[in-house]
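The primary structure of each chain is shown beneath.
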Amino acid sequence: MGKSLNDQSGVKIYPNPSNSGFEIEKAESETIIIKMFDLLGTMVNAPQTANGTSIFIDTKTLSNGVYFLQINRSSTMITQKIVVQHWSMLSAIQKSPSF
């Protein structure tokens, strides 16, 4: 599984890179607002509000690339770089050596 963010904020984001989506887990059940931006700073999804301790963010409709995830909590804002990398059987076959 990919790397995760787990710092003093008590937030985990995984897997990173992501194929179809990633999970955000937080230590406390609190309301957060989640936004995702591309490298140009354009918001690529509607802001999502999460109230529980876990939320899944779907990335199936995003192009492969680097994005920034912004999590706004009551007292802090966390920004994390995430990578969307869609894998498929076709691309795996095309990359495998031929015999």
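So, a few notes on the structure that sits alongside this text.

How each quantity is defined
Residues numbered from 1 in each chain as written. Predicted model: local features only at pLDDT ≥ 70, side-chain atom pairs only at ≥ 80, totals over all residues. Heavy atoms only, no water. Salt bridge = Lys/Arg side-chain N within 4 Å of Asp/Glu carboxyl O. Helix = DSSP H or I, 4+ residues; strand = E, 2+ residues; numbered from the N terminus. Pairing = 2+ DSSP bridges. Axes fitted to C-alpha atoms, helices over the stretch in contact; angles between N-to-C directions.

### Considerations on the pattern of salt bridges
All told, the structure shown has 1 salt bridge when counted by the stated rule. Notably, a salt bridge pairs Arg73 with Glu30, separated by 2.3 Å at the nearest N-O pair. Residue Arg73 is found in the loop between strand S6 (65-72) and strand S7 (77-84), and its partner Glu30 is found in the loop between strand S2 (21-26) and strand S3 (32-37); the two are separated by 43 residues along the sequence.

### Some thoughts on unusual backbone geometry
For the bond from Tyr14 to Pro15, the omega torsion is -10 degrees, close enough to zero to count as cis. For Pro15, the location among the structural elements is in the loop between strand S1 (11-14) and S2. A cis geometry characterises the amide bond from Asn16 onward to Pro17, with omega recorded as 15 degrees.

### Some points on the sheet that holds S2
An order of S1-S2-S5 is seen for the 3 strands of this open sheet, with the pairing classed as antiparallel. Two strands in the sheet have a free side with no partner beyond their single neighbour: S1 and strand S5 (54-58). When strand polarity is set aside, the average angle formed by the axes of neighbouring strands in this sheet is 15 degrees. The pairing of S1 with S2 spans 4 bridges and is antiparallel. Paired with Ile13 across the bridge in S2 is Ile24.

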